[in-house]
Structures are given as C-alpha cells and as structure tokens.
Amino acid sequence: MVEQAATQAPEAPSGLSSSAHRDTTRASNKLEVRDLNISYGGVSALRDVSLDIREHEIFGIIGPANSGKTSFLKAINRMDMFNKNMQVTGEVLYDGHNTRTLRNVYALRSRIGVVFPLPVGLPMSVYDNVAMSPRLRGIKNKADLDEIVERCLTRAALWDEVKDRLTTLGSLLSGGQQQRLTIARALSQEPEVLMLDEFSIAVDPVTTMRIEDILKELRNEITIVLVTNLVQQARRLADRTAFFLMGDCVEIGETEDLFSGNVTDQRTSDYIAGRFG
Amino acid sequence: MADSMFKATQQNVSDEHRDFLVQLLFFGMTVLLIIPVIIILCMLMWKGGPAISWEFLFSEPTNGMTAGGIFPALVGTVWLVTVALLVSVPLGVAAALYLSEYAPDNWLTRFINLAIINLAGVPSIVHALFGVGAFVLFFEFGTSILAASLTLAIMTLPVVIVATRESLQAVPLAFREACWNMGATRWQTIRRVVLPNAVSGILTGVILEVSRTTGETAPIMFTGAAFFLPFLPESVFDQTMALSLHLFVVATQVPNVPEHLPYGVALVLIGMVLLMNALSIGLRMYLRGQKKW
Ligand SMILES: Nc1ncnc2c1ncn2[C@@H]1O[C@H](COP(=O)(O)OP(=O)(O)OP(=O)(O)O)[C@@H](O)[C@H]1O
Ligand SMILES: [Mg+2]
C-alpha cells in the first residue's frame, strides 16, 4: 500500500482540522475486505470483492440498482446470520479481526451504525428510539441519556422538529423524519463505523445538505461508508469511491480521479457521466 | 361530454344488480346464523332469570341439589380456570416465543407446528382420558384441582400458542432488524420491541381462552370435579365442584329438580363467558385505537 501514503486526499473545504492529523490516522485500515462473495440461494449477488476502508475516511460506493451495494453492507454487519438464503464467503477484517468467524457479533454490530434506505422508526417514543442503544450499553442515568438523545437528534438534523414532542411514537413520524431518526439512532451507538445506504432517499434537499455537512464533521471521529445513488453526493463527500456493477467491484479510486475521468474501466466514466444506469 | 362519459351502460347496471343480490344473500345468511344465538339467550333469560339472586350465587346447594345456590361450583370454576391459566399461559407464550423468534426453519420446527395444529383438534374427551392416565394416576395427583387444571391447560395450550405466535408475527420484521443492527441480542429485541407490541394480541387470545375453559366439562369430569361437594376447596389437591359439571348434573342426573334451577346455572355460565368475551372485544377495540405503525 505505497500509494496510500503518497496520495493526498481530495479535501473538502470544511471540517478538516489538519492534514497532518489525517495522514497519521489514514495509515491504518478500519475494514479490510478480502475475496468477498455473496449469493442468495445460489444466485450470485457480489463476486470477489477485495478492498480496504481506511480509518476516518468517507468511503463512497456507487452503482446502479442490483449491483450488490446493500448486500455488501449486510455482509459487513453479519446480517446474513438472519437470512438462511444468504451465503457469504471470504473475509472481512475489522481492525484486523476476522468478523466472519467472530462469535460476539453483538459487539461488532454495536460498533457499526447502519442506516438502511427504508426508514424504521421503532414503535416507541422518539426519546426511547434514540436512548435504546445507550440503554443496551448500560447507561441508566437520566441526565446522560438526555444529553445523548439531544446530541444525536441534533446531529441528525431532527432536534428542532421533535424537541417538543419527544414522547410521540417514532413510528408515526413522517417518512423523512423517520429516516433522520434512524440516523440519530445509529449515532447513538457512538459507532466507530457508520454505514449509510441511500440515506437521502426520503429526505428533502435542504435537510440532505445539512446532514451532509454533519457527515463531513463526523469524518474526524469515525469511518463512514456511504452507499449512494446520487453520483454527485459521492463526489461531494467521499474521499475514495468504489463503483459496483452487477455484482462486480469495477473500480476503486480517489473520488477526484473517478470524476476527472482518471479511471481504469470505461464503464466507470460512462456511469458517472450518466450514460447508463 | 362529461355527462355521457360517466353514463351507466347496460353492463354497469346488471353488474350493480348482481352485486346487490349477492350482498342480500350474504346478509340473509348472517341473520340466519344469529337467530339461534338470540333464541338461546332469550330462553335462558326467560326461564333462568327468575332463579338468579344474591342468595342463588352465594349459597350452597341443598336438598340433594334440588334447591339452594351454586357458590361452591362458582368458586370451583374460578379455581380451575385460574390454575389452568397459570400453567398454560407461561408455557404457551414461551413455546410461541421459541417458535416465532428463535426456531430455525427446519423439519423439526415444521413438525412441531403441525403437532400443535393437530393437538388443537383433539376432542376434549380424549384430553380427559389423557388427564386421568397422566395426572390422576401416573403423577398420583389423584382427582384434584391440580389434575383437572393441568388437563385443561394441556387442552388449551395449542390455542394460546397459536394466538401468541400470530400476534408476535404481526410485529414487522423490520423492527427486529433495526434492533439487531444496533447490536441487541434476540432476547433484548423481544423484551424491548416485540413483546410490548404483541402483548395486546396475547391478552386477547388468553381471555378468549378463559371463556372456553370455563365451559369445558369432559376434561374435568374424571380428573377433579365432584358431583356434589358443598365445601370450598382449600388447596389444589382438593376436589371441587364446577359450574359446567353442576349444570350437567342438575339437568340430567338428579330427579325432581325445579325447572328454573338448571336454566339459572346455564345463565350464570353463559354470563361469565359473555363477560370475558366482552372484555376481550373491548380490549381489542381499545388497542386497535392506538395504532402504533
Ligand atoms: N433477501 C434477499 N433474498 C434474495 N435475493 C436478494 C435479497 N437481497 C438482495 N437480493 C438480490 O441480490 C442482488 C443485489 O441486491 P442489492 O440489494 O445488494 O443491490 P443494491 O446494489 O443495493 O441495489 P439498489 O441500488 O437497488 O439498492 C439483487 O439481484 C437482489 O435480487
Ligand atoms: Mg440497495
């Protein structure tokens, strides 16, 4: 990984304290994916994916529908455990530990916050939605919980809308609000890795921008995997981007290279230019 | 233009006609169905109504059960139903939780599910014989409330399991996945999300179950219910009278019973069942009013 140290990330103008700090943290890989294969009932959905996700970067994944992006996230989180149909082979190393053979999947999942495209507000109060993960960690003190709930809802750009009705059922919020509630819930895990799967699908453009700004700030603290259908969103946020197509990882590179046409596979620039997909 | 666009064609008219006739037919059948129910209730009120009094409810039968009240039978039924519930609800809910939340989808699970469905279809007299063999004789509980209640519990278990499993399955999978994604174990997920949202359905099922248990006669007849025993039971190892069996006895086994007496017993029995059902319907309506997603 020589190029890793040499290449300077395309830095977004906001939220970066010092590039020196970033370089040291970038030396380590948070996630290392080796020969990952995913199939559903024998039908292949993702083939031979190997890639590294570095600590404190935003790693974008783009690709048309059916390219295996969501399946990829599920495999990292070990959600295949709950779907007998889903077979996963290969290795995913988290801080060097192979998650595929891990017994304590609960510790893994609590370190990884995920936001899936269909928002799910749990049928409990907004407050309890966000306080659930801290409670699972054993935090009982009301003041601590209050602080976490407010911080996470604020970061998910939802606090102003719900601060006066924290007791309403999370499942009765509007679609876009539930999506942000899901983001707040993921943040309440105080995750080391945040995986977002098309988070802006149900969220209006203005709120999307607010969340994007927050993601840029979070980059200093956590590692973010961002699956998005909006190519421009990947360009705005991601340090590096992978392009998935029909179950293959076609391209991985610095986002700026991908968008400046500096690619190894013609299909990548075709997709980015909107010529198919 | 707009008028002619929505003008009914010949086809429209005849479709509508047929729709109306079908509706009428179904309505007629529904009415036919409830007529017997209404007749039964009216008969009971008319013939049994005069028998009902505080005295009737709270005194013992006298004169070889041709006079007096039904208090020991009333108390006995409450004992039987309560003990049966204490056994069948925890067991049934645990089994349903296993089947719905933990069991892998394999032949064993499918076999268990099939067994439960079949168990629900076993005639109550067969359960009674099983109760005699297992609880009265093998476990040596003798004819007692315990043996009778256990027999009732076994008999009602399938219904508790099915009702519970259905209300568990009504909680969307997405809620569970959201919890699992946060690192919650299956049990944490069940306790914090699944059970709180299924408890209404479980309760409704349980109450309906109570109403069924109340009226059962065969399963308790040989296992713990006595023909005539004018004392209140003191423990689960005592025998007891029960309303359902008492009704059978005064209606068919004892000579010279005044006509209003069996009707009075039947009215009390039906009253208890209707009360339970009303409670269950009320609960369901209340909970439906608070839709959570
Ligand atoms: N639970 C499942 N059971 C069976 N097949 C599945 C399941 N989930 C996904 N697949 C299949 O796996 C393939 C990849 O799906 P996946 O959801 O990973 O794509 P995606 O890239 O996330 O698409 P999109 O952009 O539409 O979200 C598809 O062919 C899909 O049919
Ligand atoms: Mg997807």
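Residues numbered from 1 in each chain as written. Chains lettered and ligands numbered in written order. Predicted model: local features only at pLDDT ≥ 70, side-chain atom pairs only at ≥ 80, totals over all residues. Heavy atoms only, no water.

**Digging into the overall build of chain A**
Our working definition: What counts as a helix is a DSSP run of H or I of at least four residues, what counts as a strand is a run of E of at least two, and both are numbered from the N terminus. Note on classification: 1.4 Å probe, protein chains only; a residue is buried when its accessible area is under 20% of the maximum for its type, exposed when over 50%, partly exposed between these limits. Surface accessibility in these figures is a Shrake-Rupley result with a 1.4 Å probe; residues are shielded only by whichever protein chains are displayed.
Scanning chain A for helices and strands turns up 12 helices and 10 strands. By residue count, 55% of the 277 residues in chain A fall in the buried class. Accessible surface, chain A as shown: approximately 11,700 Å² in total, 51% of it carbon and sulfur.

**So, the overall build of chain B**
Counted only if it meets this: We take the radius of gyration over the C-alpha atoms and set the globule estimate at 2.2 Å times the residue count to the 0.38 power.
From N to C terminus, chain B includes 12 helices and two strands. If you list the helices and strands of chain B from N to C, you get α-α-α-β-β-α-α-α-α-α-α-α-α-α. Expected size for 293 residues packed as a compact globule is a radius of gyration near 19 Å; at 25 Å, chain B overshoots this value by more than 25%. A principal-axis box enclosing the C-alpha atoms of chain B has dimensions of 85 × 55 × 35 Å. Out of the 293 residues in chain B, the part that is buried amounts to 39%. A total accessible area of about 16,200 Å² is found for chain B, and carbon and sulfur atoms account for 71% of it.

**Overview of a nonpolar patch on the surface**
The condition is simple: Each patch is built from residues lacking any salt bridge and having more than 30% relative accessible area; the joining distance is 9 Å for like charges and 5 Å for nonpolar side chains (Val, Leu, Ile, Met, Phe, Trp, Tyr). Here a salt bridge means any side-chain nitrogen of Lys or Arg lying within 4 Å of a carboxyl oxygen belonging to Asp or Glu.
Together, B:Phe27, B:Val31, B:Leu32, B:Ile35, B:Ile39, B:Met43 and B:Trp46 line one region of the surface with nonpolar side chains, adding up to about 730 Å² of accessible area. Relative to the elements of secondary structure, B:Met43 occurs in helix H2 (residues 10-48).

**Digging into the packing of H2(B) against helix H12 (residues 260-289) of chain B**
Residue and element names in this part refer to chain B. The line we're drawing: The angle between two axes is taken between their N-to-C directions and runs from 0 to 180 degrees, where each axis is a line fitted to C-alpha atoms and a helix contributes only its stretch in contact. Convention used here: angles under 35 degrees read as roughly parallel, angles over 145 as roughly antiparallel, angles from 65 to 115 as roughly perpendicular, and any remaining angle as oblique. In this scheme the crossing of two helices becomes right-handed for a clockwise turn of the near helix relative to the far one and left-handed for an anticlockwise turn of less than a right angle. Only heavy atoms enter the contact rule, under which two residues are in contact if any of them lie within 4.5 Å.
The geometry of H2 relative to H12 is characterised by a closest axis approach of 8 Å and an angle of 130° between their N-to-C directions. When the axis of H2 is compared with that of H12, the two are oblique. Where H2 crosses over H12, the two elements pack in a sense that is left-handed. Contact with H2, carried on its side by Leu41, Met43, Leu44, Met45, Lys47 and Gly48, involves His260, Tyr263, Gly264, Ala266, Leu267, Ile270 and Leu274 of H12 and no other residues of that element.

**Digging into the side chain of A:Ser188**
Residue and element names in this part refer to chain A. Inclusion rule: For this analysis, a polar contact is any N or O atom pair within 3.5 Å, provided that within protein one partner can donate a hydrogen and the other can accept it, and provided that sequence-adjacent residues contribute only side-chain to side-chain pairs.
Relative to the helices and strands, Ser188 resides in helix H8 (residues 175-188). Among the polar contacts made by the side chain of Ser188, one reaches the main-chain carbonyl oxygen of Val130 at a distance of 3.2 Å. Aside from chain neighbours lying at most four places away, what touches Ser188 is Val130, Ser133, Pro134, Arg137, Ile148 and Cys152.

**Let's talk about unusual backbone geometry**
Residue and element names in this part refer to chain A. Phi at Asp35 is positive, roughly 50°, even though this residue is not glycine. Structurally, the position occupied by Asp35 is in strand E1 (residues 29-40). Although it is not a glycine, Met246 sits at a positive phi angle of roughly 50°.

**Concerning the interface of chain B and chain A**
As a reminder, the rule being used: A 1.4 Å probe defines the accessible area here, and the buried area is the portion of it lost by two parts on being joined, summed over both. Under the scheme applied here, ten amino acids are nonpolar (Ala, Val, Leu, Ile, Met, Phe, Trp, Tyr, Cys and Pro), four are charged (Asp, Glu, Lys and Arg), and all others, including Gly, are polar.
Taken residue by residue, the interface counts 20 residues in chain B and 24 residues in chain A. Between chain B and chain A, the buried area comes to about 1,900 Å², and carbon and sulfur atoms account for 69% of it. Ranking the residues of chain B by area buried against chain A places B:Asn181, B:Met182 and B:Arg192 at the top, with a combined share of 37%. Linking chain B to chain A there are zero salt bridges. For the pair chain B and chain A, the number of links is two residue pairs in polar contact (both at pLDDT 80 or more). Among the secondary structure elements, those contributing two or more residues to the side of chain B that touches chain A are helix H8 (173-181) and helix H9 (186-215) of chain B. Here the side of chain B that touches chain A gets seven residues from one element, more than from any other, and that element is H8(B). Here the side of chain B that touches chain A is built from residues that sort into nine nonpolar, five polar and six charged.

**With respect to the site of ligand 1**
Residues and elements named next belong to chain A. As a reminder of what qualifies: Whether a residue is near a molecule or strand depends on its heavy atoms: it is near if one of them lies within 4 Å of it.
Near ligand 1 the following residues occur: Tyr40, Ala45, Ala65, Asn66, Ser67, Gly68, Lys69, Thr70, Ser71, Asn83, Glu198 and Asn229. In this structure, an oxygen atom belonging to ligand 1 sits 2.5 Å away from a side-chain N or O atom of Asn66. A distance of 3.1 Å separates an oxygen atom of ligand 1 from a polar backbone atom of Ser67. Protein chains shield 61% of the accessible area of ligand 1, which is 630 Å² for the free molecule. Residue contributions to the shell around ligand 1 peak at three residues, all from helix H3 (residues 69-76). A breakdown of the residues in the shell around ligand 1 according to their chemical character gives three nonpolar, seven polar and two charged.

**A few points about the domain arrangement of chain B**
Residues and elements named next belong to chain B. This is how it is decided: Each domain's limits were defined by an automated method or a database of domain assignments.
As assigned here, chain B comprises domain 1 (2-51) and domain 2 (54-289). Relative placement of domain 1 and domain 2: their C-alpha centres are 35 Å apart. Each side of the interface is counted separately: domain 1 has eight residues, and domain 2 has nine residues. For the pairing of domain 1 and domain 2, the buried interface totals around 760 Å² over both sides, and the portion due to carbon and sulfur atoms is 80%. Looking at the side of domain 1 facing domain 2, the largest losses of area belong to Leu44, Lys47 and Ala51, adding up to 68% of the total buried there. Linking domain 1 with domain 2 are one salt bridge, by the criterion used here. Between Lys47 and Glu259 there is a salt bridge, with the nearest N and O atoms lying 3.2 Å from each other. The tally of links from domain 1 across to domain 2 stands at one residue pair in polar contact (both at pLDDT 80 or more).

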